[in-house]
Amino acid sequence: MKTTLLASAALLSATAAFAQENVLNIYNWSDYIAEDTVAKFEAATGIKVNYDVYDSNEVLEAKMLAGNSGYDLVVPTSDFLRRQVAAGVYQPLDKAKLPNLANMDDTLMGRAAAYDEGNTHSIVYMWGTTGIGYNIAAITERLGEDAPLESWDLVFKPENIAKLADCGVSVLDAPTEMIPAAMNYLGLDPRSTAAGDFEQGAELLMEIRPHVRYFHSSQYITDLANGDICLAVGWSGDVFQAQARAAEAENGVEIAYVIPSEGALQWFDMMAIPVDAPNPDAAHQFINFVMQPEIAADITNYVWYASANEAALPMVDEEITSDPAIFPTPEIAEKLWPAATYDSRADRVITRLWTQIKTGQ
Ligand code: N2P
C-alpha cells in the first residue's frame, strides 16, 4: 500500500513537472486568430498556451531587442523581422519539425524570403494591406455622391478630411506605414528612405493632423463598428472585422474597406521563435499546427486576413477569396508596394517626425 502511494505520488509530481514544462508563451497581434485555435491546439498537444497581444511592431521590437521576453513565438511584420534577424533575435527554424510547410504558397513565401533569406527564421502567418475603412453613409452624406471612395484623396486632401472630422477619423499609430502612404500620395517612392522624402510625407500628415481624432492601431475596429468614427486608415482584416461586427449587431452601420487606386502597402506578418525562447519545441509544434489547411482556413474565415497557405484556400469562404480587397486581382496587386526596411538612421528620422505629428508640433 505504502509503495503504491509513494509510486503514485512520484508519478503525480512527474506529471506536474511535465505539465509545468509544457507551456507555450505566444505574443501575437490583437484580433488575429480564430476563437477556437488555441483551444484546439491545447487539446491536440496537451500544451498549455499563454496568449498575449500587441498592436504595434515597435512595441514588439522593444521587447525582442531587450531579450528575455519569455515568449516562445512572436509575429513581427517582415520588414521589422529583417532587422531583428540581423540583430540576432531569432533562431533558425528546424524545418524537419514543420512538415506542413508543404502547404504554403511558394510565391508568397518567396516574397517573404526577401526579408529573411530562405525563410530561415520565419513563416508567413497572415498577410494584408494598409488601406482605408469607412462608414459608407457617413462619408457620402458629407462628401456627396461623388466622394472619392477609391482614393487616398479621402484622407490626404485636407478639404475632404476636414469635412469628416465631426464624424471621427483615426489613423494607425504606425509611422513606417503612415509616412510612406503620405509619400506615395505625393508621388514619391513609398519605399524611399531619404530623410527629405520622409519630411515631405510628414508635412502632409501635419496638414491633416487637426482633423484626426486619434492615432491608434486596434481601437478603430470597435469604433467603426459602433459608428463612433467614420473613417480609419487601417489594416484590411481589421476593417472587415468591424464590418462583420456591425452586421451582427444589426445597428445599421455599413463599413467598407478599400485598397485605394494609388496603391497601398502589402505586408507579411511572420511567425518566429526568439533565440531565448523557453520552449522552442512547443513553438515549432504551434507553427506546424497553424499550417494545417483546416486551421489556417479557420483563422482566415474568422479574421478576414489572407492566408499564405495554398492548401487552405478551398476551405476559405468564397466571400473572402473572391474579395479583391483581401485577395487582390493582378491589376490591384501591381499597385501594392512591399515595405522598405529602415536602418537605424532612417528609423531615428521617422521616430522624430512621428512624435511631431502625433503631438501636433
Ligand atoms: C491584426 C493586425 C495585424 C496587421 N489586428 C498588422 N500587420
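Quick note: structure is the one above.
Since the structure is predicted, the reported quantities are computational estimates derived from the model, not experimental observations. (Residues numbered from 1 in each chain as written. Predicted model: local features only at pLDDT ≥ 70, side-chain atom pairs only at ≥ 80, totals over all residues. Heavy atoms only, no water.)

Undergrad: When you look at helix α4 (residues 78–86) in this model, what are you seeing that I'm missing?
TA: For an α-helix, 3.6 residues make a turn, and residues three or four places apart therefore share a direction. All of the buried residues in α4 are S78, D79, F80, L81, R83 and Q84. The elements touched by buried residues of α4 are α3 (57–66), β4 (122–135), α9 (175–185), β9 (264–272) and α17 (344–359). Looking one or two places after α4, you find G88, whose phi comes out positive at around 80°. (Buried < 20%, exposed > 50% of the residue type's maximum accessible area, 1.4 Å probe, protein only. Helix = DSSP H or I, 4+ residues; strand = E, 2+ residues; numbered from the N terminus. Contact = heavy atoms within 4.5 Å.)

Undergrad: Would you mind going over the packing of α3 against α4 with me for this structure?
TA: Any two packed helices are characterised by the angle at which their axes cross and by the distance between the axes. Between α3 and α4, whose axes approach to 11 Å, the crossing angle comes to 15°. Here α3 lies roughly parallel to α4, going by the angle between them. As α3 packs across α4, the resulting crossing turns out to be right-handed. Residue-level inspection shows N57, E58, E61 and M64 of α3 in contact with α4, the latter providing F80, R83 and Q84. (Axes fitted to C-alpha atoms, helices over the stretch in contact; angles between N-to-C directions. Parallel < 35°, antiparallel > 145°, perpendicular 65-115°, else oblique. Left-handed = near helix turned anticlockwise from the far one by under 90°.)

Undergrad: Is there a simple way to explain the side chain of Q266 in this structure?
TA: Note that Q266 resides in strand β9. Q266 sits in the buried class, given a relative accessible area of 8%.

Undergrad: When you look at the pairing of strand β2 (residues 48–54) in this model, what are you seeing that I'm missing?
TA: On a regular strand, each side chain points to the face opposite its neighbour's, so the side chains alternate between the two faces of the sheet. For strand β1 (residues 23–29) and β2, the ladder comprises 7 bridges, and the chain directions are parallel. Across the sheet, the residue bridging to Y27 is D52, located in β2. Traced from β1 through helix α2 (residues 37–45) to β2, the parallel crossover comes out right-handed. (Pairing = 2+ DSSP bridges. Right-handed = clockwise from strand over helix to strand, strands pointing away.)

Undergrad: Looking at this model, I keep getting lost on the state of the cysteines. Mind explaining?
TA: The term disulfide refers to a covalent linkage connecting the sulfur atoms of a pair of cysteines. Using the criterion set out here, one finds 1 disulfide in the structure. What pairs with C167 in a disulfide is C230, and their sulfur atoms sit 2.0 Å apart. Residues C167 and C230 are joined by a disulfide whose S-S torsion is about 65°; by sign, that bridge is right-handed. Of this pair, C167 sits in the loop between α8 (158–164) and β5 (169–171) while C230 sits in the loop between α11 (219–226) and β7 (231–235), placing them 63 residues apart in sequence. This pair shows no difference in class: C167 is buried, exactly as C230 is. (Disulfide = S-S within 2.5 Å.)

Undergrad: Sorry, what's going on with the site of the ligand here?
TA: Around the ligand, the structure places W29, S30, D31, Y32, T77, W235, D238, W267, D269 and Y305. Here a nitrogen atom of the ligand and a backbone polar atom of S30 are 2.6 Å apart. The separation between a nitrogen atom of the ligand and a polar side-chain atom of D269 is 2.9 Å. Considering the ligand on its own, with 260 Å² of exposed area, one finds that the protein chains cover 99% of that surface. A majority-of-atoms criterion places the ligand in the largest cavity. (Near = heavy atom within 4 Å. Polar contact = N/O pair within 3.5 Å; in protein donor to acceptor, adjacent residues only side chain to side chain. Areas by Shrake-Rupley, 256 points an atom, 1.4 Å probe, with all protein chains shown as cover. 1 Å grid on protein atoms, 1.4 Å probe; cavity = no way out; pocket = protein on both sides within 12 Å on 5 of 7 lines; lining within 4 Å. Sits in = over half its atoms within 2 Å of the grid points.)

Undergrad: Looking at this structure, I do not really get helix α14 (residues 293–303). What am I missing?
TA: Across the 11 residues that make up α14, a large majority, 8, are buried. Taken residue by residue, α14 has P293, I295, A296, A297, I299, T300, N301 and V303 as its buried positions. Among the structural elements, α2, β4, α12 (236–249), α13 (280–290) and α15 (318–321) are those in contact with the buried residues of α14. Two residues or fewer past α14, W304 is found with a positive phi of approximately 65°.

Undergrad: Even after reading the chapter, I still don't get the side chain of T300, so can you show me in this structure?
TA: Position of T300 relative to the elements: it lies in helix α14. Not counting residues up to four positions away in its chain, the partners in contact with T300 are M126, Y305, A306, S307, V316 and I320.

Undergrad: What is the right way to look at unusual backbone geometry in this model?
TA: Apart from glycine, the bulk of residues carry a negative phi angle, and the bulk of peptide bonds sit in the trans form. The residue N68 is not glycine, and still its phi comes out positive at about 50°. In this structure N68 comes out as exposed when scored by relative accessible area, which is 69%. Unlike most non-glycine residues, N119 shows phi in positive territory, near 50°. Here N119 shows up in the loop between α5 (106–112) and β4.

Undergrad: I keep staring at the pairing of strand β8 (residues 255–258) and nothing clicks. Help me out?
TA: Every second residue of β8 is oriented toward a common face, with I255 and Y257 on one face and A256 and V258 on the other, all of them buried. As judged from the 4 bridges shared by β4 and β8, these two strands associate in the antiparallel manner. Bridge assignment links G133 to a residue of β8, and that residue is Y257.

Undergrad: Please clarify how empty space enclosed by the protein should be interpreted in this entry.
TA: Here the idea is plain: a probe the size of a water molecule rolls over the atoms and shows the empty space left. Scanning the model with the defined rule gives 6 cavities of 30 Å³ or more in all. Of the volumes computed, that of the largest cavity is approximately 100 Å³. Along its surface, the largest cavity is lined by W29, S30, Y32, D55, T77, E177, S217, W235, D238, W267, D269 and Y305. When grouped by side-chain class, the residues that make up the lining of the largest cavity number 5 nonpolar, 3 polar and 4 charged. (Points joined across faces, edges and corners; volume = space filled by probe spheres on them. Nonpolar A, V, L, I, M, F, W, Y, C, P; charged D, E, K, R; others polar.)

Undergrad: Hey, could you run me through the environment of A182 in this one?
TA: Here A182 is to be found in helix α9. Setting aside residues no more than four positions away along its own chain, A182 makes contact with F156, G201, L204 and L205.

In short, the description is geometric, and any link to function would need to be established separately.
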